[in-house]
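The lines below spell out each chain.
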Number of protein chains: 2
Amino acid sequence: MTQTAQFMDGTGLAERIVGEAAAKAAEISRRAGTSPCLATVLVGEDPASVTYVRMKRARCAKAGIRSRHIGLPATTTTAELIDTLAGLSGDPEVHGILLQHPCGPHIDERAAFEAIAPEKDVDGVTMRSFAAMSFGLQGFVSCTPGGIMRLLEAYDVDLAGKRAVVVGRSAILGKPVGMLLLARDATVTYCHSRTADLSGIVQEADVVVAAVGRPRLIRGEDVKPGAVVIDAGYNPGNVGDVDFDTAVTRARLITPVPGGVGPMTIAVLLAQTVDAAANQLGMRHH
Amino acid sequence: MTQTAQFMDGTGLAERIVGEAAAKAAEISRRAGTSPCLATVLVGEDPASVTYVRMKRARCAKAGIRSRHIGLPATTTTAELIDTLAGLSGDPEVHGILLQHPCGPHIDERAAFEAIAPEKDVDGVTMRSFAAMSFGLQGFVSCTPGGIMRLLEAYDVDLAGKRAVVVGRSAILGKPVGMLLLARDATVTYCHSRTADLSGIVQEADVVVAAVGRPRLIRGEDVKPGAVVIDAGYNPGNVGDVDFDTAVTRARLITPVPGGVGPMTIAVLLAQTVDAAANQLGMRHH
């Protein structure tokens with residue numbers, strides 16, 4: 001008699017969030033005479049990045065959000081990229097800015113991110129946005145961490161006083177999701193490539209967030225019975241960072257790959273773009 | 001045969017750091033014709049705050065760092081405080097700014113901190129400084145966390161892959177020290193008032209940083225034999241957050257209270273003020 005975890009349906013939740021964003025976009029359009037606009041900036045022509053940007057723009061279009069694409073040559077310098085982003089930050093027709101990354105090794109990505117005005121940082125990549133997430137202040141969240149928090153909320157996962165283990169410490173995913181979990185009163189442990197006893201630490205977790213991009217790094221047998229497992233890993237062949245087949249027999253809730261965390265990222269991007277437009281156009285939705 | 005931990009001598013290390021800062025201040029004075037200047041801003045006349053500011057200014061004077069004190073009435077509004085800080089941020093005669101806090105319940109401290117120019121944030125309180133600490137970027141650190149890291153370094157504490165437990169999650173102490181430990185490749189756990197099994201978690205720690213301000217919250221018998229214990233707690237009667245008498249029999253290294261973390265905070269403030277002056281005057285020391 002094998003137990004089976006309940007799936008956390010990111011596809012369904014993302015659809016609801018996008019539906020709400022579309023309704024707000026329509027209201028903004030009606031009341032302000034202009035629809036929300038996301039600027040997408042891409043340096044070079046990396047095929048995966050081209051696909052991501054195209055997908056994001058298609059979702060925007062479906063939700064009644066305009067997008068303006070700025071494709072820059074691979075030879076673009078950091079200074080030129082900063083100029084572009086600063087221009088968009090000052091352009092009242094643009095409400096949100098997405099810099100598709102990685103931008104390539106010759107670009108100082110941090111300097112580029114910081115050229116995005118905080119009120120247009122709908123991808124939650126600036127230092128200010130990170131600090132706001134960490135301190136529980138108003139601001140836009142990084143999209144994947146924000147999506148994870150919305151999934152946990154949708155499934156009524158109680159976080160206060162619970163052990164949460166975040167595997168990964170990137171500026172865009174691991175670090176911010178840990179800070180958001182801490183803000184919700186979880187006891188948060190950051191694990192990473194140098195962690196000595198990953199198995200032992202995962203075994204104590206009530207909530208595991210895997211966010212490293214290493215296929216099946218988290219062994220199913222290390223999942224504590226009844227734990228909540230969030231797999232934000234993305235690896236070739238739709239394989240997550242968690243050994244799903246074993247983990248699903250032990251967890252209480254688990255995100256499938258695909259259809260778990262993945263769809264949430266774009267949904268949060270769209271929701272934040274609409275919120276940014278509402279703020280900048282002097283409307284309040286919340 | 002009771003083992004006794006080695007004391008981590010914050011007083012001695014702080015003296016060395018202040019000595020170095022004084023030498024650099026003298027060099028700046030000689031080469032630039034002006035000595036480093038720290039602006040101290042105090043709202044109201046809370047006796048403890050008055051004492052702290054006086055102490056900091058006296059240490060500055062001893063190290064050849066000028067200070068300019070701005071005492072504002074307790075009735076000062078957030079907007080007035082921001083004006084003052086923005087003025088100091090733009091004043092080329094001032095190299096570092098310290099806003100003594102807490103400022104009182106009527107002040108929006110976060111808004112006030114953010115009026116401090118990043119290059120003058122020698123107390124490491126801005127959102128940008130926090131993010132820089134978190135991302136391993138150039139910038140000023142919060143003084144107490146910075147002091148703790150210097151203590152760990154001075155005693156050659158190996159952090160990579162080790163379990164570090166931070167008890168406390170304030171924006172000025174707990175959160176940044178955790179991020180600095182993570183940047184040094186420790187596996188970091190944040191505990192706090194809502195943590196369910198504090199004893200059990202502390203028992204696993206190779207390094208414990210206590211930073212909550214609750215007398216003897218950390219029981220000595222929970223300290224893992226051979227652990228490093230950093231007590232950043234400050235409570236009346238020179239009592240730390242750690243039950244020192246028991247902890248000292250189990251730890252390998254421990255900070256006494258007083259004379260451990262305490263003296264390091266001002267030392268880092270002075271060192272960063274001198275570095276800020278060097279940067280702003282176009283000199284490089286490192």
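Here the structure is a predicted model, which means the values were calculated and not measured.

Caption draft 1: Molecular detail of the interface of chain B and chain A. At the interface, 31 residues of chain B touch 31 residues of chain A. In this assembly, chain B packs against chain A so that about 2,800 Å² is buried in total across both faces, 65% of it on carbon and sulfur atoms. In terms of surface lost to chain A, no three residues of chain B exceed Met127(B), Phe135(B) and Leu182(B), which account for 22% of the buried area on that side. Summed over the shared surface of chain B and chain A, the number is 15 residue pairs in polar contact (both at pLDDT 80 or more). Of all the elements in the fold, those that place two or more residues in the side of chain B that touches chain A are α5 (127-135), α7 (174-183) and β6 (187-191) of chain B. If one sorts the elements of the side of chain B that touches chain A by residue count, α5(B) sits on top with seven residues. Partitioning the side of chain B that touches chain A into residue classes produces 16 nonpolar, six polar and nine charged. Sheet topology note: the strand β6 (residues 187-191) of chain A/β6(B) ladder contains three bridges and is antiparallel. Counterpart to Val188(A) in the pairing with β6(B) is Tyr190(B).

Caption draft 2: Molecular detail of the sheet that holds strand β5 (residues 163-167) of chain A. Taken together, twelve strands build an open sheet; the order of strands is β1(A)-β9(A)-β8(A)-β7(A)-β5(A)-β6(A)-β6(B)-β5(B)-β7(B)-β8(B)-β9(B)-β1(B) and the sheet is mixed. Each edge of the open sheet is held by one strand with a lone partner, namely β1 (6-7) of chain A together with β1 (6-7) of chain B. In this structure, β5(A) lies alongside strand β7 (residues 207-210) of chain A, joined through four bridges in parallel fashion. Residue pairing for β7(A): Ala164(A) is matched across the bridge by Val207(A). Each of β6 of chain A together with β5 (163-167), β6 and β7 (207-210) of chain B touches α7(B); the most contacted strand, β6(B), lies at about 165 degrees to it.

Caption draft 3: Geometry of helix α3 (residues 78-90) of chain B. Residue and element names in this part refer to chain B. Helix length check: α3 (13 residues) gives 18 Å between terminal C-alpha atoms against 18 Å at 1.5 Å per residue, within 8%. Burial in α3 covers these residues: Thr78, Leu81, Leu85, Leu88 and Ser89. Down the axis of α3, the buried side of the element spans an arc of 105 degrees, and every buried residue falls inside it. Among the exposed residues of α3, those oriented more than 90 degrees off its buried face are Ala79, Asp83 and Gly90. Where α3 is buried, its residues meet β2 (37-43), β3 (66-72), β4 (96-99) and α4 (109-113).

Caption draft 4: Layout of the UniProt feature "binding site: NADP(+)" (unreviewed entry) in chain A. Residues and elements named next belong to chain A. The residues that UniProt annotates with the feature "binding site: NADP(+)" (unreviewed entry) are Gly168, Arg169 and Ser170. Position of glycine 168 relative to the elements: it lies in the loop between β5 and α7 (174-183). Since its relative accessible area comes to 2%, glycine 168 is described here as buried. Non-local contacts of glycine 168, meaning those with residues more than four positions away in its chain, are made with Gly174, Tyr190, Cys191, Ala211 and Val212. Its location among the elements puts serine 170 in the loop between β5 and α7. Apart from residues lying up to four places away in sequence, serine 170 is in contact with Lys175 and Pro176. In terms of polar contacts, serine 170 uses its side chain to reach the backbone amide nitrogen of glycine 174, at 3.3 Å.

Caption draft 5: Structural detail: helix α6 (residues 143-154) of chain A. Residue and element names in this part refer to chain A. A rise of 1.5 Å per residue sets the reference length of α6, with its twelve residues, at 16 Å; its end C-alpha atoms lie 16 Å apart and thus fit the reference within 8%. Residues of α6 that are buried in the fold lie against α1 (10-32), α7, β7, β8 (228-231) and α10 (262-280). Aspartate 156 occupies a position one or two residues after α6 and carries a positive phi of about 50 degrees.

Caption draft 6: Focus on the packing of aromatic side chains. Under the criterion given, the structure shown has six aromatic pairs over all chains. Centroid distance Phe135(A) to Phe130(B): 4.7 Å. Interplanar angle 45 degrees. Geometry classified as tilted. Residue Phe135(A) is found in helix α5 (residues 127-135), and its partner Phe130(B) is found in helix α5; the two belong to separate chains. Each member of the pair, Phe135(A) as well as Phe130(B), is classed as buried. Taken together, the ring pairs connect Phe130(A), Phe135(A), Phe130(B) and Phe135(B) into an aromatic cluster.

Here is what the cut-offs are and how they apply
- Residues numbered from 1 in each chain as written.
- Chains lettered and ligands numbered in written order.
- Predicted model: local features only at pLDDT ≥ 70, side-chain atom pairs only at ≥ 80, totals over all residues.
- Heavy atoms only, no water.
- Contact = heavy atoms within 4.5 Å.
- Buried area = accessible area lost by both parts, 1.4 Å probe.
- Polar contact = N/O pair within 3.5 Å; in protein donor to acceptor, adjacent residues only side chain to side chain.
- Helix = DSSP H or I, 4+ residues; strand = E, 2+ residues; numbered from the N terminus.
- Nonpolar A, V, L, I, M, F, W, Y, C, P; charged D, E, K, R; others polar.
- Pairing = 2+ DSSP bridges.
- Axes fitted to C-alpha atoms, helices over the stretch in contact; angles between N-to-C directions.
- Expected span 1.5 Å × (residues − 1).
- Buried < 20%, exposed > 50% of the residue type's maximum accessible area, 1.4 Å probe, protein only.
- Arc of directions from axis to C-beta.
- UniProt positions renumbered as here; feature names shortened; annotations may be inferred.
- Phe/Tyr/Trp six-rings, centres within 6.5 Å; stacked < 30°, edge-to-face > 60°.

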